[in-house]
Amino acid sequence: MIPKKIQLVEVGPRDGLQNEKLWVETETKITLIEKLAQAGLTKIESASFVSPKWVPQMKDAFEVLSGIERRPGVSYPVLTPNMKGFEKALEAGATDVAVFGAASEVFTQKNINCSIAESVERFRPIIAAAQKNGIRVRGYISCVLGCPYQGAVPLADVVNLAEQMSEMGCYEISLGDTIGVGTPLQAKKMVEAVAEKVPVSKLALHFHDTRGQALANIYACLELGVSVIDSSVAGLGGCPYAHGASGNVATEDVVFMLNGMGIETGVELEKLIEAGRFISEVFARSPQSKVSNAN
Ligand SMILES: [Zn+2]
């Protein structure tokens with residue numbers, strides 16, 4: 001059954017901006033986040049507390065998170081890949097954090113220099129510290145439908161990691177098609193397999209539109225009852241593995257589709273489009289959203 005209400009998780013200010021080459025000023029990031037909240041988004045991933053050496057775009061994570069005017073009913077999750085990042089996030093007033101793993105062994109090795117099993121061990125102290133501080137932890141799994149290095153990813157690896165993250169205390173598992181290679185039936189099969197071990201109410205869809213499949217994949221998985229979707233305003237981010245290709249599905253396009261299906265998101269499309277245009281102007285381009293460009 002397709003849910004009547006969907007929780008959108010806006011990932012543009014983090015997942016999107018961290019994959020853009022151009023430096024975006026702290027003030028601009030804060031304004032973007034505030035515009036997204038004004039548009040009705042209630043979950044806005046705002047920064048990543050990762051080493052500035054690795055992700056210079058996010059070096060002002062502390063200033064961004066502590067500089068946002070917090071709106072009641074809106075949460076501003078941040079990525080915390082290690083304890084150092086977690087502690088800084090806590091200091092900046094984080095109430096929601098996220099840890100990040102991949103279902104691909106090769107991707108994990110290349111990205112964070114360890115095995116999947118070792119990466120899971122690194123989550124433990126973060127999750128324990130978060131629980132002690134009353135902070136919710138989301139788990140991301142990338143490469144759920146394919147890996148830029150190893151190609152196919154065994155379904156069992158996705159299911160295992162999702163199950164482990166859930167058992168460790170992640171309240172939600174976001175399933176990411178990092179390179180945007182999935183197609184609808186494959187995506188549905190993947191979610192179905194994960195849902196045998198983790199309740200569907202704890203799953204989120206994170207599709208990339210690299211090959212134009214994101215909305216079709218989302219629709220297919222909504223039929224399984226998934227009610228959380230990650231998306232990025234103006235399709236911010238691009239695809240780090242395919243130069244010039246699109247990455248995150250645009251929030252505007254997701255909202256338009258859900259509106260047409262009579263599904264409630266709480267988002268005002270016009271204001272969202274405005275926020276997307278605001279940030280796209282910073283990059284001197286038009287939004288990577290079909291709906292925005294047709295408006
Ligand atoms: Zn993404």
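You'll find the structure just up there.
Just so we're clear, the structure is a prediction, and the values are computed from it rather than from any experiment.

Criteria and thresholds
- Residues numbered from 1 in each chain as written.
- Predicted model: local features only at pLDDT ≥ 70, side-chain atom pairs only at ≥ 80, totals over all residues.
- Heavy atoms only, no water.
- Buried < 20%, exposed > 50% of the residue type's maximum accessible area, 1.4 Å probe, protein only.
- Helix = DSSP H or I, 4+ residues; strand = E, 2+ residues; numbered from the N terminus.
- Axes fitted to C-alpha atoms, helices over the stretch in contact; angles between N-to-C directions.
- Parallel < 35°, antiparallel > 145°, perpendicular 65-115°, else oblique.
- Left-handed = near helix turned anticlockwise from the far one by under 90°.
- Contact = heavy atoms within 4.5 Å.
- Nonpolar A, V, L, I, M, F, W, Y, C, P; charged D, E, K, R; others polar.
- Donors = N, O, S within 2.8 Å, 3.2 Å for Na, K, Ca; no water.
- Tetrahedral: all angles 85-135°; square planar, octahedral: opposite > 155°, others 65-115°.
- Patch = residues over 30% accessible without salt bridge, like charges linked within 9 Å, V, L, I, M, F, W, Y side chains within 5 Å.
- Areas by Shrake-Rupley, 256 points an atom, 1.4 Å probe, with all protein chains shown as cover.
- Salt bridge = Lys/Arg side-chain N within 4 Å of Asp/Glu carboxyl O.

Caption draft 1: Here's a closer look at unusual backbone geometry. Positive phi outside glycine occurs at Asn-113, with the angle close to 60 degrees. Judged by relative accessible area, Asn-113 falls into the exposed class, the value being 64%. Backbone geometry places Ala-234, a non-glycine residue, at a positive phi of 60 degrees. Position of Ala-234 relative to the elements: it lies in the loop between β8 (228-231) and α10 (251-260).

Caption draft 2: Representation of the packing of helix α7 (residues 155-168) against helix α8 (residues 184-195) in the model. At a closest axis distance of 9 Å, the pairing of α7 and α8 adopts a crossing angle of 45 degrees. In this view, α7 runs oblique relative to α8, as classed from their interaxial angle. Here the hand of the crossing between α7 and α8 comes out right-handed. Touching Leu-155, Val-158, Val-159 and Ala-162 of α7 are Lys-189, Met-190, Ala-193 and Val-194, all from α8. Each residue belonging to the contact of α7 with α8 can be placed in one class, and the counts come to seven nonpolar, no polar and one charged.

Caption draft 3: Quick look at the coordination of the zinc ion. Distances from the zinc ion to its protein donors, namely Asp-15 (OD), His-206 (NE2), His-208 (NE2) and Asn-248 (OD1), fall within the range 2.0 to 2.2 Å. Because the angles between the four donor atoms bound to the zinc ion fall within 82 to 160 degrees, the donor set is best described as irregular. Each donor residue of the zinc ion belongs to the same chain, with the gaps between them written as D-x190-H-x1-H-x39-N. In this pair, His-206 sits in strand β7 (residues 203-207) while Asn-248 sits in the loop between β8 and α10, placing the two residues 42 residues apart along the sequence. Considered together, His-206 and Asn-248 belong to a single accessibility category, that of buried residues.

Caption draft 4: Just a nonpolar patch on the surface, in detail. On the surface, Val-106, Tyr-149 and Tyr-241 cluster together into a nonpolar patch covering about 240 Å² of accessible area. Note on placement: Tyr-149 falls in the loop between β5 (136-142) and α7.

Caption draft 5: Layout of the packing of helix α5 (residues 105-112) against helix α6 (residues 116-132). As a packed pair, α5 and α6 sit with axes 9 Å apart at the nearest point and diverge in direction by 60 degrees. By the angle between their axes, α5 is oblique relative to α6. When α5 is examined against α6, the residues Glu-105, Thr-108 and Ile-112 are found in contact with a partner set consisting of Ile-116, Ser-119 and Arg-122. The residue makeup of the contact of α5 with α6, split by class, is two nonpolar, two polar and two charged.

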